[in-house]
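Given next are the chains, with one letter for each unit.
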Amino acid sequence: IPVQIVKLVVGTLPAMPVILKLRLADGLTKRVRVAGDSFADVSAAASSALPNLQFALGYIDEDGDLCTVDDESSYHEAKQVAGSLVGSDSSLMLKLSVISSCSDSNFWAEVGNRITTPSRGVDGFHPSPKSSKKQAAELQWTPRRLAEDINNADPPVPATSTITFTVNGEKVQVNNPDPDVTLAAFLRDQGLTGTKISCAEGGCGACTVVISYATPDNGVLHVPANACLRRLPSMHNCGVTTVESMTKDGKPHPIQKALVDNNGSQCGFCTPGWVMSMAGLLAETPEPTAEDIQKHFDGNICRCTGYRPIMAAFQTFAKSSKGCGGCGHSCNNSCGDIEDLFSAPTCSNELKVNGEATIRAEANGVQWIRPTTMKGVFDAVQEAKDAGRSFRMAVGSTSLGVYKNDESQTVIDLNGVPDLAVFNDDGKGGFVAGASVSLARFLKRFEAVPGLEVVAKHLHLVANSQVRSVGSWAGNLAMAVLHDDFPSDVMVALGASGAFVTLGTATGTLKVSVSDMCSVKAQLSEGAIIENVHVPRPSASQFCASYKIMPRAQNAHAYVNFGINCCLDSKGTVQPGATIIVGGTGAGQPAVAASTSEAITGLVLATDSTLAKIFATLPSELGATDAQASMIRTLAYRAVLEADKSALPADIRSGATPLERSVSTGKISFPSPAFEGPVGQPMPKLTELQQTQGSAKYADDQSAPFCLYGSMVQVRAPDGVLNSVDASKATKCAGVQMFLSANDLPPESNEVHGEPLFIGEGDDVGYNGQAIGIIVADTQSHADIAANKVATSVKSQTPPITSIQQAVRDKAFFKEPTPPLLVGDVATALSKSDFIAEGIAVAPSQYHFFMETHTALVEPLEAGCFRVHSATQWPCLVQTEVAKALGVSAGKVQVIVKRIGGGFGGKIMGATQVAVATALAAAKMNRPVKLRMKLATNMEMKGKRHPWQLNYRIGINKDGVLTGVDAQYYNAAGHVAADAFGSLEVAVDNCYNIPAWSAKGFMVKTNAAMNTACRAPGFAPAIFCMETMLEHAAEAAGLDPHAVRMTNLYKGGETTPYGVDLTYCTIPRVMDELMKKSDFDTLRAEAKIFNEANRWRKKGVALTPVKYGIGWTGANYGAKVDIVGGDGSVMITHSGVEMGQGINTKVAQVVASALRCPISLITVKPTSSDIPNAICTGGSIGSGLNSAAALEAAKRLRTRLDVIQNLLPSPPSDAEELWVAVCNSAAAGGASLSEMYWNAPLTKGMFAYNSYCAAVSEVELDVLTGEHVVNKVHIVFDCGTSLNPEVDAGQVTGGFVMAQGWLTSEELRYDSSTGAVTTNGTWEYKPPQACDIPVDFKVDFLDNTYNPKGVDGSKASGEPPFCTAASVFFALKHAIKAARQEQGIDGHFFLEAPATVARVASLCAPSADKLKLR
């Protein structure tokens, strides 16, 4: 059996039961206990239990020499040595070793080192207090000396390297757990692949499990937690429950059923995490309110659904819902006792103290120590310091989601120390919490303290539910002290609450106010411990408040945060001792504004003069930038408003409290199905239940024996020439098998669609993060660690181009402009216009943020063949490129795609490089290799949406008619232009009939990865740019932009500037119906009234239409339908890729309808290159064209079956029995029950048809902070005759919310000097979450529509609704305009997309003289 260097064996002498503990290569522990007193007993038992494994035993004698034990004589000598060392009444734990068959003499030397190294001790036995004062280097750790120290010391706390916990109720023991192994990796190694790994940062929730642990008060807590952050050694005495255990006896849990019933899972990759997060909420709060549910999911991201169906499913569990059985769901099934689901912790229901063993584990140079006393903590610190090892404290290890490259050599786990778990009332209304108390438990007690309600709301915005459930308040505080760039909300909030921390060292304790914590950085760095915090109840005269401004509604760090704590006398005068604390300035670390605190002492707080004093001193004292100064002023103003809220005028009062959203609601309306049978029916996707159960498999869930793992190696420079690559440190890392680079490849193997697979020495560097090779190791973790150790040098560097604006300014063009789009006489049209608007628009880039990062598994097979599991949208392209790189024929490469966890265009071209690199490594090693990209690598190495810049001049007359457009469109391709999307001839006109056009297109270069298709490529930026021009033109003419839209709207029958006849144009109907159903005019009138009544809140309303062309010239798809004669089951194989859009379900529906068979008999097989020559699944055409191919094949089969059915002598009356009988008869008669159809349609003109839709959005803006809430969205969509309205509705909401993020929160940033992507993870990149979506979200499908060009009258749904989210951007801009006008600022202003909170705040930015109390 394969064995890593095996964990050491422990024998007990002279009593002599010998226990062999082996850690095998698969991470499992093998334990063999021998009850005997002879070497023969040991040998026989080991040989029996571990066949094919050779083993050896050894010990250190009195002289410090290592002696082998290989026969009865040496075994007897070992017993004598042990007896002489400790006496006949005692036993000594001697370390013995087991090795695999190996003759390397250095092995025994290493064993000796491991036994005798002073810094490690032996199995938890440490020097006595006397000897521990000596320098470790002076100690000679022979067994004799060890025995003397044991006899002289106080009774030691025993130590073990074995952790015990439960997984889904089953007890698990792991010996010497690797500190670098996460719980997620461990679970997946055990086959529990429902726990997904996506961000590995605690920011997306895909890895969520429920962890159970005991508390000191004899309770057990069940909490949601990120398995990707939780380190395996920390699981001792815990229980873990995964999604697999939620289904009992084949019956799904009501949580899972609710998601299925509400179409709450699309690609499904994130779904298990949502299930477990909801389970964790119900465990903590069995009867949650709707508000509880909405706020809980701040740690889960879904890129597909737009959250609406997920929240609809989970809101059925709300206390106020009408349902059954306590869960609130209308499934008529009781949830029962939710706690019965969870895996109980292995300890008793109290934290063990006496007899609890210290855990000590070590692997690959990282040591994990879990002490059980405070003395043990300080001893562990001293041990690390004496050995020169870096160290950190851990409770939940959630800091690794922020500081991802931690290289601490010793981790001290504080979860086993009872003194740090204290949680007591102070008898005066406050409380004391130990350092290991989770932030969630801390917060629950904190919000019950009178006088701290405002601060408690701030603390609710720290991190997310999964992180708060296991991460400690003390850890957040320590991060703030130890890292100058961490803008800790906990430090600001606790500083504002007047809390005090007790700091402990080996020699004593120190009490320090939280606001002064940065003064003890040196002590914390040297190993002092935060022991507890005391949160006192504020006095009646004490005012406490704190706030933050952040990029997203939840789970986002602060731009700035502000806290104040002061006592006010009866007149409101600030008494001595006031504290103002601010984070986000400077590097980010919170700081006390001592001068400002002193300056307001003796002043009445709630006065304009005191505010003026604060505004004059606070920003300059903190060294704030202009943007930071503005935010700090508005938060200080908010705090003063809060202090005097009752006396404020009504219009000012809106500034006293942060924005709060109501509970999300929504409604989907669609016409009754036009067909009988499965097609056209609203139904869940075929595998939606399996997705909720975690049994649906993705590329990373595939396994292969003896598999190795790959990790991409990247260059860290933006351009220049790669001078050298040094992998020597990487190849010495644990588990590393190989570094494969350009030097190892022939030129024909080192190119993938237009760019190098790996750049080599002497090659030009295109961007920071470009691939230079692949590390192959025994685990994914080892591969990822080693990849960061490869060193590179680059020469001839120049400043990088990091934005499209810079590229346009520098004229960094790839080639000459494309032929212009010329219609009419633009010069004349503009010269005769009453008004001309001139400006720029920027349609930003966007990361796809598919939940499943790029992944491939490649297996070498017989006869030079290879099997590839790839997360790709284009299996046939992967087949071609892998074959080319390997130098084999394409027929020897089979690419299989069961499903992918989201694509959005990013896995069309982007997946190929990953598959090719993995295939080359697999071929080189002649072993299977899997590569799963880290999120950061994915974001740095792979391309994103093409950003556009538009420079325009647009004419408009007094009557609102748009006369002409003169425009230059710039498209940033990245460092090469091989994957350029966004022809001008797609949607520059959107829905408007403008007679004259002159449009030129330019492709520009940036030092970034090659950009690629992203949902609605070309259309989304073109439509956004057109809407920007229209809004500006209306403003220039002094007209209502909505009136201008309606004036210029296509009516039908026109021809677009690029020659498409609008023969089936429904946009007038769409607009009319939307305005009526949304009550558009009333919304706008109410917004105007609201704005007049509220100075610091503004509303904006906007309506934007969309015309989206669907073309399929060049599309090739095939489908094969097979019928099994015996039982009538149907197998469908098609060339489309299931990625959440429901393609398999739609295909099955049309086939079931055509064959007239039950859909339950249909199975859709995995997509593969076995149907060759197909194009990618994308462009919103895959579902329709693959359905059309399958439909034609099914029709042909049905024609044959009809002949046979007519010949049946006694056909059954039951439809299903009839189907089976016909199939039996056909098979018996030798009829072919297989049919293949190849669909290669042609489009007359550019597009086969257009999809039409429009949206109304209402946005509410917090003028003081720049934050906003989308109150209402109403969409009307012409979907033709939908094949499955439930699936299409999910595409509408998902596309809209993804686009909302594109235009409001998803900012991509690059370092201007290094070119590095600085938004390369969930800490900085912010896609929307559940509390960012529209509060009231309605979707209506246009009725009485039929698309003659689509299968069964249907239309594409995946991309057109994406473009309607421009309505959110322009509604927000209208709200900003109202805020600026109230401040006396008129005129046009440029709002760059995405309209982030920071950008909006800078445009609103009330000057200090506007921030008045009256």
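Everything below is about the structure shown above.
Residues numbered from 1 in each chain as written. Predicted model: local features only at pLDDT ≥ 70, side-chain atom pairs only at ≥ 80, totals over all residues. Heavy atoms only, no water.

Quick word on the pairing of strand β8 (residues 162–167)
- For β8, the tally of buried residues reaches six of six residues, placing the bulk of the element in the interior.
- In terms of strand pairing, β8 meets strand β9 (residues 170–175) through six bridges, oriented antiparallel. Paired with Phe165 across the bridge in β9 is Val172.
- Where β8 meets strand β12 (residues 239–241), two bridges bridge the pair, whose relative direction is parallel. Its bridge partner lying in β12, Val167 is registered against Val240. (Buried < 20%, exposed > 50% of the residue type's maximum accessible area, 1.4 Å probe, protein only. Helix = DSSP H or I, 4+ residues; strand = E, 2+ residues; numbered from the N terminus. Pairing = 2+ DSSP bridges.)

Quick word on the sheet that holds strand β27 (residues 708–714)
- In spatial order, the strands read β29-β32-β27-β39-β36-β37-β38-β47; together these eight strands make up an open sheet with mixed pairing. The open sheet has two edge strands with one neighbour each: β29 (736–741) and β47 (1167–1168).
- Bridging between strand β38 (residues 893–897) and β47 involves two bridges; their strand directions are antiparallel. Paired with Ile896 across the two strands is Ser1168, which belongs to β47.
- Here helix α24 (residues 780–787) sits on the sheet and contacts β27, β29, β32 (771–777) and β39 (929–932); the angle it forms with β27, its principal contact strand, is near 20°.
- Where helix α27 (residues 875–886) meets the sheet, it contacts β37 (866–870), β38 and β47, and its direction lies at approximately 145° from that of β38. (Contact = heavy atoms within 4.5 Å. Axes fitted to C-alpha atoms, helices over the stretch in contact; angles between N-to-C directions.)

Topic: the nonpolar core
- Core analysis: the biggest nonpolar cluster contains 196 residues, and Phe314, Tyr637 and Tyr969 have the highest contact counts within it.
- For this core, the element with the highest residue contribution is helix α30 (residues 1019–1037), accounting for twelve residues.
- Phe314 has contacts with Ile255, Leu259, Trp274, Met278, Ile293 and Phe297, leaving out every residue within four places of it along the chain.
- Judged by nonpolar contacts, the second largest core, of 57 residues, contains Val449, Ala456, Ala496 and Val514. (Core = buried A, V, L, I, M, F, W, Y, C linked by side-chain atoms within 4.5 Å.)

Notes on the side chain of Arg389
- Here Arg389 shows up in the loop between α11 (374–386) and β15 (391–394).
- The buried charged residue Arg389 lacks any salt bridge partner; its closest oppositely charged side chain belongs to Glu362, at an N-O distance of 4.2 Å.
- From its side chain, Arg389 meets the backbone oxygen of Gly365 in a polar contact 3.1 Å long.
- A distance of 2.5 Å separates the side chain of Arg389 from the backbone oxygen of Gln409, its partner in a polar contact. (Lys, Arg positive; Asp, Glu negative; His and termini not counted. Salt bridge = Lys/Arg side-chain N within 4 Å of Asp/Glu carboxyl O. Polar contact = N/O pair within 3.5 Å; in protein donor to acceptor, adjacent residues only side chain to side chain.)

A closer look at the sheet that holds strand β40 (residues 948–956)
- Here five strands make up an open sheet; going across it, the order is β34-β42-β41-β40-β35 and the pairing mixed. Of all strands in the sheet, those with a lone pairing partner are β34 (821–823) and β35 (835–843), marking the two edges. Taking each pair of neighbouring strands and ignoring which way they run, the sheet shows an average axis angle of 10°.
- Bridge count for β34 against strand β42 (residues 996–1005) is three bridges, and the pairing is antiparallel. By the bridge assignment, Leu822 is partnered in β42 with Ser998.

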